[in-house]
Amino acid sequence: MPLRRVLSAVILILFASALAACGRQVTPDPVTNNLSGTMLIKFRTKAAMDFNNFNYVIVFNTCSLGGEPYPNVFTTTFTNYSYAFAVGADFGGGAVQPTLIQYILTPGTSNQLNPQTVQYNPATTQFTPNDNGSNNEFTLIFPIMQLSNPLNVNPACPNGATQSSTWFINFFTIDKTSHIQDSLGVNGANDTTFTFSINTTAVSNNALFRPSGIPLPSNQAAAIDGGEIDTH
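Residues numbered from 1 in each chain as written. Predicted model: local features only at pLDDT ≥ 70, side-chain atom pairs only at ≥ 80, totals over all residues. Heavy atoms only, no water.

> Which residues make up the state of the cysteines, and what values go with them?
Covalent bonding between the sulfur atoms of two cysteines is what defines a disulfide. The full count for this structure, using the stated rule, is one disulfide. Sulfur-sulfur distance for the disulfide between Cys63 and Cys157 comes to 2.0 Å. Here Cys63 and Cys157 share a disulfide; its torsion about the S-S bond, -85 degrees, makes the bridge left-handed. Highlighted residues: Cys63 in strand β2 (residues 54-63) and Cys157 in the loop between β7 (137-143) and β8 (163-175), separated in sequence by 94 residues. Of the two residues, Cys63 and Cys157, neither departs from the other in class, the shared state being buried. (Disulfide = S-S within 2.5 Å. Helix = DSSP H or I, 4+ residues; strand = E, 2+ residues; numbered from the N terminus. Buried < 20%, exposed > 50% of the residue type's maximum accessible area, 1.4 Å probe, protein only.)

> Report on the pattern of salt bridges, specifying residues and quantitative values.
Using the criterion set out here, one finds six salt bridges in the structure. When the shortest N-O distance is used, the salt bridge between Asp131 and Lys42 registers 3.1 Å. In this pair, Asp131 is assigned in the loop between β6 (126-128) and β7 and Lys42 in strand β1 (residues 38-45), connecting sequence segments 89 residues apart. For Asp131, a relative accessible area of 25% corresponds to the partly exposed category. Between Asp225 and Lys46 there is a salt bridge, and its shortest N-O distance comes to 2.8 Å. Residue Asp225 is found in strand β12 (residues 224-231), and its partner Lys46 is found in the loop between β1 and β2; the two are separated by 179 residues along the sequence. According to the relative accessible area criterion, Lys46 is partly exposed, its value standing at 39%. Connected through shared salt-bridge partners, Lys42, Arg44, Lys46, Asp131, Glu137 and Asp225 make up one network. (Salt bridge = Lys/Arg side-chain N within 4 Å of Asp/Glu carboxyl O.)

> Before we move on, could you go through the packing of aromatic side chains and cite the residues and values that matter?
Considering all chains together, one arrives at eleven aromatic pairs under this definition. Seen in terms of ring centroids, Phe43 and Phe171 are 4.6 Å apart; in terms of plane orientation they differ by 15 degrees. Their pairing is stacked. In this pair, Phe43 is assigned in strand β1 and Phe171 in strand β8, connecting sequence segments 128 residues apart. Residues Phe43 and Phe171 agree in their burial class; the two are buried. Aromatic side chains Phe127 and Phe138 sit 5.3 Å apart centroid to centroid with 55 degrees between the ring planes, which places their arrangement in the tilted category. (Phe/Tyr/Trp six-rings, centres within 6.5 Å; stacked < 30°, edge-to-face > 60°.)

The structure is reproduced here in structure tokens:
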């Protein structure tokens, strides 16, 4: 499956290139580290989700350097991308289910992110596509250890960074042409202001809300309303 071309510098994380790896998924060997417990994430939109035309993506930076992953990766930093869970039009083979992606940094290339799909044990990951009965929210629960270098990449983090128990997380909506439509920040697809971090070794419950009155995508199925990120 060929990679899609970059259509705009306004976004591009090349999630589509992860699809090129679908035929060569790797089943990771078991790994252990000091992370424990599970993470619960709720992703909510303004209107009913449209899994045929949009991708709903949770992006993680799990390394000790860098910070929040922002939509415009070309003008921020590639090092802020470690993993993503993607649900929607380009993932799941027609089924509404999450695809796990691990980003491998390849310095010296025009797009340094080398996304690879990860085959995980579905028995350890719980996904509820319509958890509130309004079709505008899903819940994902997974073991925190699942995002601990499942492909056994060496090094697991770029630029001498190490895997961290403090994770930075952001939500994106992306259309079928790989353009980001919205993020958790007030500036949507162009935001560089939002920040959220969580200590994965501590129990916490964190509701996320978008401020009222900010510009949103015209299609409310792509407009992020907020959600929740908890550790247990």
